[in-house]
Amino acid sequence: DQLFFVFCGHGAQLVAEEYAGHRLCETAIVPTDVSDGDDPAVPRVIHDTDVHRALLQVPEGAQATLLYDSCHAGRPLDRSGLDYLSEYVSRGRVDYDKLRGHPVLP
């Protein structure tokens, strides 16, 4: 069995830990329905942890290939302690309202 997952779109960083002036972030992918949840102020993103948990359900012996084309592509496969968290990279603020009105929709 094989699993092939492709995501081309926006990526985001979500602060998971802050200490001594450092921010460690988990990465996430941002689907086109990012603002369609019950609370529009809370973006519906898919965290690397969500992808990792889904991959744990793949049967043993199956091959999984993930292809990400996004900022902050993440590390859903590399899990050992907190080493999957990455240092915050400031690229400005994510405007989720702008993403909602993006012309590239399915």
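The rules behind each value
- Residues numbered from 1 in each chain as written.
- Predicted model: local features only at pLDDT ≥ 70, side-chain atom pairs only at ≥ 80, totals over all residues.
- Heavy atoms only, no water.
- Buried < 20%, exposed > 50% of the residue type's maximum accessible area, 1.4 Å probe, protein only.
- Helix = DSSP H or I, 4+ residues; strand = E, 2+ residues; numbered from the N terminus.
- Arc of directions from axis to C-beta.
- Contact = heavy atoms within 4.5 Å.
- Salt bridge = Lys/Arg side-chain N within 4 Å of Asp/Glu carboxyl O.

Draft legend 1. The arrangement of helix 1 (residues 48-55) in detail. Within the span of helix 1, buried status applies to D48, T49, V51, H52 and L55. One face of helix 1 carries all of its buried residues, which in axial projection span an arc of 160 degrees. Looking at the packing, one finds that the buried side of helix 1 touches strand 1 (2-8), strand 3 (22-30), strand 4 (46-47) and strand 5 (63-69).

Draft legend 2. Looking closely at the pattern of salt bridges. Tallied over the full model, the rule gives 2 salt bridges. Of the charged contacts in the structure, one is a salt bridge between E18 and R23, with a shortest N-O distance of 3.6 Å. Judged by relative accessible area, which is 57%, E18 ranks as exposed. For R23, a relative accessible area of 34% gives the class partly exposed. Note that D33 is salt-bridged to R44, the shortest N-O span being 2.5 Å. Separated by 11 residues along the polypeptide, D33 in the loop between strand 3 and strand 4 and R44 in the loop between strand 3 and strand 4 bring together distant segments of the chain.

Keep in mind that these numbers describe shape and distance, not what the molecule does.
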